[in-house]
Amino acid sequence: MEKKKEEKLIAFFSRADENYFSGKMKHVKVGNTEIVVNKMKEIVDADVFKIDMKKPYSPSYLTCIEEAKNDLEKQARPELTQYLDSIDKYEVAILAYPNYWGTVPMAVATFLERYDFAKKAILPLCTNEGSGMGTSERDIQKYAPDATILTGLSIRGGEAEECGPVVKAWLSENGIDLKEKTQKAR
Ligand SMILES: Cc1cc2nc3c(=O)[nH]c(=O)nc-3n(C[C@H](O)[C@H](O)[C@H](O)COP(=O)(O)O)c2cc1C
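Presented here is a report on the structure given in the accompanying data block. (Residues numbered from 1 in each chain as written. Predicted model: local features only at pLDDT ≥ 70, side-chain atom pairs only at ≥ 80, totals over all residues.)

**Remarks on the site of the ligand**
For the ligand, the set of nearby residues contains 21 residues, the closest of which are Gly31, Thr33, Pro98, Ser131 and Gly157. Of all the elements in the fold, those that place two or more residues in the shell around the ligand are helix 1 (32–43), helix 2 (61–74) and strand 6 (121–128). For the shell around the ligand, the per-class residue count stands at six nonpolar, twelve polar and three charged. (Near = placed C-beta within 6 Å. Helix = DSSP H or I, 4+ residues; strand = E, 2+ residues; numbered from the N terminus. Nonpolar A, V, L, I, M, F, W, Y, C, P; charged D, E, K, R; others polar.)

Following this line, the structure appears as structure tokens:
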């Protein structure tokens, strides 16, 4: 009998504009996490959802870090521009986000608290400038208490372009079916 196809969701938060890379400020058109997600789209069959704030953080890096810190301290739940009607059909959600002050951006909390993750697995992927996953995995479990949180993957933001093989190995280790083509082409 053919195995039932597992429905997957990739949900991600990412910010373009000014960011800090190994000691230098740079303007970028596509954020690091979105670069990783674009690679992932070539590797897995999944629906993709961008966690997008109605009032985005400032394009200025220094202003953005203050805004995000303030949201974390207040435990704000920023409104999003769009929501999924339901996540019922998904068995697995790959959740990709930048490390903000040692944890997930508060918009990710908005996203997680909106849905029921019972019987669903979340695979956390965190891009960062050196702090790794921080407390993000524990915090995701708080915001989605019924989800099963699988082993996360930390990617250095400046290495997003080269992360394909690492991401592929991580997805495989977590039992995620890869697209045929990428399985053959090693
Ligand atoms: C508001 C803010 C807070 C950040 N806090 C941390 C941090 O605590 N630790 C860390 O390693 N990197 C931190 N960073 C760096 C980002 O995690 C890193 O640049 C990430 O790859 C950005 O992803 P994006 O381009 O997809 O938004 C922070 C960046 C911003 C903008």
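Let us keep going from here.
**As for helix 2**
Taking 1.5 Å per residue, 14 residues should reach 20 Å; helix 2 reaches 20 Å between its end C-alpha atoms and fits that length. Positive backbone phi, at 50 degrees, marks Gln75, one or two positions downstream of helix 2. (Expected span 1.5 Å × (residues − 1).)

**Considerations on the environment of Pro165**
Mapped onto the secondary structure, Pro165 falls in helix 5 (residues 164–173). Along the chain, Pro165 and Tyr90 lie 75 residues apart, while their C-alpha atoms are 25 Å from each other.

**As for the nonpolar core**
Soluble globular proteins tend to bury their nonpolar side chains together. Residues Ile10, Val36, Ile94, Leu95, Ala96, Val108 and Leu125 are the most contacted members of the largest nonpolar core, which totals 44 residues. Elements with a contribution of two residues or more to this core: strand 1 (8–12), helix 1, strand 5 (92–98), helix 3 (106–114), strand 6, strand 8 (153–156) and helix 5. The contact partners of Val36, leaving out residues within four places of it in the chain, are Ala96, Leu125, Thr127, Ile155, Ala160, Cys163 and Val167. (Core = buried A, V, L, I, M, F, W, Y, C linked by C-beta atoms within 7 Å. Buried ≥ 20, exposed ≤ 12 C-beta atoms within 10 Å, placed from the backbone. Contact = placed C-beta atoms within 7 Å.)

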